2 protein chains.
Amino acid sequence: MLLEPKKIRIGIDIMGSDNAPDALLDAVQALQLPDRVELTAVGTPDYESSSLHYVCAQEVIHMDDSPLTAVRKKKNSSLCIGLRLLKEKTIDAFISAGNTGALVSASKVILGNLPKILRPALLALMPTKKKPVAVLDVGANIEAKAAHLLQFAAMGAAYQKARGIQNPIIGLLNIGSEKIKGTSELRRAYEELQKGPFHFAGNIEGTSVFNGDVDVLIADGFTGNIFLKTAEGIASLILDRLYTHIPPLELQKLAPHLNDLHRSLHYAEYPGALLSGVRGIVIKCHGYSTPRAFANAIPGAAKLVQENFISSFGI
Amino acid sequence: MLLEPKKIRIGIDIMGSDNAPDALLDAVQALQLPDRVELTAVGTPDYESSSLHYVCAQEVIHMDDSPLTAVRKKKNSSLCIGLRLLKEKTIDAFISAGNTGALVSASKVILGNLPKILRPALLALMPTKKKPVAVLDVGANIEAKAAHLLQFAAMGAAYQKARGIQNPIIGLLNIGSEKIKGTSELRRAYEELQKGPFHFAGNIEGTSVFNGDVDVLIADGFTGNIFLKTAEGIASLILDRLYTHIPPLELQKLAPHLNDLHRSLHYAEYPGALLSGVRGIVIKCHGYSTPRAFANAIPGAAKLVQENFISSFGI
């Protein structure tokens, strides 16, 4: 007797982003998902849709809410309800494009951290000239001490190992390659990382990250977030210039190549940022990501569930 | 009787960068410069060239030298000699690709700050979808208090006014547009900037800087440097992908458009970063910039001299 393959249950928070909830729902419903993937949307009653499983929330955490207050006071927000569904294993992964600080705080409180992790970090996979690089933290912690940066290195290495890279190379995002560069916390992290156990390539500048010589790039959440969004901004500028500089006829012939390029570079094609270090698969999409980008995070989340990501994430 | 037009005397430091001094000299000599521009190279005696004016230095400040110690102990380095030539008005502008920290410290000591300036800042002009944006600080100060950020805003506004923008729009580089975002110093700077006298557009994320809606982008030197180098790195990645994805025949037809694009985006075409806030025109090129990029900083420096930049820079 064949066993039916296990369902992959993904929860999505349709509230609190810069997009209208119904635009997100439309984009999600336009996706071709495997039968195994089962969606649960969490939102206020006014967006309830009969075409997918819907859990009603009473309130919304907004972008300008103070994260700690919001998590304490808005226990019935879509964000908190989604995380509780994940904690209770009603869903296998949770995706939100809402308030980052609130998502991080609520995940720590509701799901709890993985053993030995002091500070969960947002991890984004970014394209390079070679293999993608895992960048963390891209926004969970505004500031980071050397001890936190070392934990980010451990989480990034574990993530890349789970992706099949035997001995991931770690780099520290800095403003020069010399070990005296940067803040005192970066210098301290440099010294500690040199002692092992990772393959540490030293300081990496923003110019050379994209050569693809490191598998994991470490930064505090402020710097990592600037890095991520700057890369996205300049990519959009270049594609815009390309479309305006190239005559329409030639552009038509180039369309397939440009589309490939667009897909491989635009952050929208990457499945959001993973909140690493908490007990559960939580994915954060940019607040301003397009509905399509938000929907595209679903297959990425399903893949992490399928690969049994959290249990392989022993650090 | 016609007066002979005044000479524009540019000093270049050929030591202390990641490039060999003779490669820099070759690139500089390959440039077509107007007759009015007169070059003075500063370097150790072994690179002395008879084809341009050469001032001998006895020592070199290296990339990994501690800036303060280097400035105190290596008074006869090419970097310090060049700045003294500028102080004595033997040259009108000085360009170096050497140790940033040493260049900034030595400029403060030898040239002195402009009135009311506590912290000089490196200013780079970067392309956007509209007009170029002046970004500062891109690396002179690792950390910045709110008071320093306000001075950067004043210097950036003065610079853009000198370039003909009547009422420059100021933005604060941050990880979200909400005023509660970022570090405490950024929040303090946000509050102060809201009070005037500038046209303040609030927090700007790396994604939207390139839309060109602000004329001046303010950041501490660490963040600004990460921003600058990330933009350069991703631009190089995209052009690389473009060249590998597009078939050779189509690429040939596209060459003029791609070259335009390359020129308008690559930081190498911009005349280095200007050390704003000191009494003299000091330009810093990346240590790793190509010899051609280094040479390209010369016309930019000549333009600033011609426009009588420092005297128009009343802030």
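Residues numbered from 1 in each chain as written. Chains lettered and ligands numbered in written order. Predicted model: local features only at pLDDT ≥ 70, side-chain atom pairs only at ≥ 80, totals over all residues.

Engineer: Give me the packing of helix H5 (residues 146-162) of chain B against helix H6 (residues 184-194) of chain B: which residues, what numbers.
Structural biologist: Residues and elements named next belong to chain B. Contact geometry for H5 and H6: axes closest at 8 Å, N-to-C directions at 50 degrees. Here H5 lies oblique to H6, going by the angle between them. Seen from above, H5 lies across H6 with right-handed handedness. The segment H5 lies against H6, with Ala146, Leu149, Leu150 and Ala153 engaging Glu185, Arg188, Ala189, Glu192 and Leu193. For the contact of H5 with H6, the per-class residue count stands at six nonpolar, no polar and three charged. (Axes fitted to C-alpha atoms, helices over the stretch in contact; angles between N-to-C directions. Helix = DSSP H or I, 4+ residues; strand = E, 2+ residues; numbered from the N terminus. Parallel < 35°, antiparallel > 145°, perpendicular 65-115°, else oblique. Left-handed = near helix turned anticlockwise from the far one by under 90°. Contact = placed C-beta atoms within 7 Å. Nonpolar A, V, L, I, M, F, W, Y, C, P; charged D, E, K, R; others polar.)

Engineer: Describe the packing of helix H3 (residues 78-87) of chain B against helix H4 (residues 100-110) of chain B, naming the residues involved and giving the relevant values.
Structural biologist: A pair of packed helices is characterised by two quantities: the angle between their axes and the separation of those axes. Residue and element names in this part refer to chain B. Packing of H3 against H4 brings their axes to within 10 Å, and their N-to-C directions diverge by 35 degrees. The way H3 lies across H4 gives a crossing that is right-handed. Judged by residue contacts, Leu79, Cys80, Leu83, Arg84 and Lys87 of H3 engage Ala102, Leu103, Ala106, Ser107 and Ile110 from H4. A class-by-class count of the residues in the contact of H3 with H4 yields seven nonpolar, one polar and two charged.

Engineer: With reference to specific residues and values, describe the domain arrangement of chain A.
Structural biologist: All names here are of chain A. Each domain of chain A was delimited in the assignment, giving domain 1 (8-112 + 278-312) and domain 2 (123-270). For domain 1 and domain 2, the distance between their C-alpha centres works out to 25 Å. On the side of domain 2, five residues touch domain 1, which itself brings ten residues to the contact. For the side of domain 1 that touches domain 2, the secondary structure elements donating two or more residues are helix H4 (100-110), helix H10 (291-306) and helix H11 (309-312). For the side of domain 1 that touches domain 2, the element with the most residues is H10, which contributes three residues. Among the residues forming the side of domain 1 that touches domain 2, the class breakdown is three nonpolar, five polar and two charged. (Domains from an automatic or database assignment.)

Engineer: How would you sum up the sheet that holds strand E11 (residues 281-284) of chain A? Please name residues and give values.
Structural biologist: All names here are of chain A. Taken in spatial order, the eleven strands of this open sheet run E3-E2-E1-E4-E11-E10-E5-E6-E9-E7-E8, and their pairing is mixed. Each having just a single partner strand, strand E3 (53-56) and strand E8 (199-204) make up the two edges of the open sheet. Put simply, the sheet's adjacent strands are angled 25 degrees from each other on average, direction ignored. As judged from the two bridges shared by strand E10 (residues 273-276) and E11, these two strands associate in the antiparallel manner. The residue bridging Leu274 from the neighbouring strand is Ile283, located in E11. (Pairing = 2+ DSSP bridges.)

Engineer: Account for the relation of the copies chain B and chain A, naming residues and giving values.
Structural biologist: Each copy superposes on the other: chain B lies on chain A with an RMSD of 0.1 Å after a rotation of 180 degrees and an axial shift of 0.0 Å. Each copy turns onto its partner about a two-fold axis. Comparing interface residues between copies, 98% of those in chain B also lie at the interface in chain A; the contact surface is shared. (Least-squares fit on C-alpha atoms with pLDDT ≥ 70 in both.)

Engineer: Tell me about helix H1 (residues 21-30) of chain A, residues and numbers included.
Structural biologist: All names here are of chain A. Taken as a whole, H1 has its buried residues at Pro21, Leu24, Leu25 and Val28. Down the axis of H1, the smallest arc covering the buried residues is 100 degrees, so these residues share one side. Elements that come into contact with the buried residues of H1 comprise strand E1 (8-13), strand E2 (37-43) and H10. (Buried ≥ 20, exposed ≤ 12 C-beta atoms within 10 Å, placed from the backbone. Arc of directions from axis to C-beta.)

Engineer: Report on the pairing of strand E7 (residues 169-173) of chain B, specifying residues and quantitative values.
Structural biologist: Residue and element names in this part refer to chain B. Along E7, four of the five residues are buried, which leaves the element largely enclosed by surrounding structure. In this structure, E7 lies alongside strand E8 (residues 199-204), joined through four bridges in parallel fashion. Within E8, the residue paired with Ile170 across the bridge is Phe200. Pairing of E7 with strand E9 (residues 216-218), which is carried by three bridges, proceeds in the parallel orientation. Following the sheet pairing, Ile170 is matched in E9 by Val216.

Engineer: Break down the sheet that holds strand E1 (residues 8-13) of chain B for me, citing the residues and quoting the values.
Structural biologist: Residue and element names in this part refer to chain B. Spatially, the eleven strands line up as an open sheet ordered E3-E2-E1-E4-E11-E10-E5-E6-E9-E7-E8, and their pairing is mixed. In the strand order of this sheet, the two ends are held by strand E3 (53-56) and E8, each with one partner. On average, each strand axis in the sheet is inclined to that of its neighbour by 25 degrees, with strand direction left out of account. As paired elements, strand E6 (residues 133-136) and E9 share three bridges and run parallel to each other. Residue pairing in the sheet places Val135 in a bridge with Leu217 of E9.

Engineer: A description of H5 of chain B should follow, citing residues and the corresponding values.
Structural biologist: Residue and element names in this part refer to chain B. Taking 1.5 Å per residue as the helical rise, H5 with its 17 residues ought to reach 24 Å, and the 24 Å between its terminal C-alpha atoms agrees with that figure. Buried within H5 we find His148, Leu149, Gln151, Phe152, Ala153, Met155, Gly156, Ala157, Ala158, Tyr159 and Gln160. Here the buried face of H5 lies against strand E5 (121-126), E6, E7, H6, E9 and strand E10 (273-276). Just downstream of H5, Gly164 is the residue with a positive phi angle, here 100 degrees. (Expected span 1.5 Å × (residues − 1).)

Engineer: Give a description of the interface of chain B and chain A that names residues and reports values.
Structural biologist: Counting residues at the interface gives 48 residues for chain B, matched by 47 residues for chain A. Counting residues per element, the ones that place at least two in the side of chain B that touches chain A are helix H7 (206-209), helix H8 (221-245) and helix H9 (248-265) of chain B. Of the residues forming the side of chain B that touches chain A, the biggest block, 19 residues, is contributed by H8 of chain B. Taken together, the residues that form the side of chain B that touches chain A break down as 20 nonpolar, 16 polar and twelve charged.

Engineer: I'd like to hear about the environment of Glu38 of chain A, residue by residue, with values.
Structural biologist: Residues and elements named next belong to chain A. Residue position: Glu38 is located in strand E2. Placed 78 residues apart in sequence, Glu38 and Lys116 show a C-alpha to C-alpha distance of 32 Å. Sequence-distant contacts of Glu38, defined by excluding residues within four places in its chain, comprise Lys7, Ile8 and Arg9.

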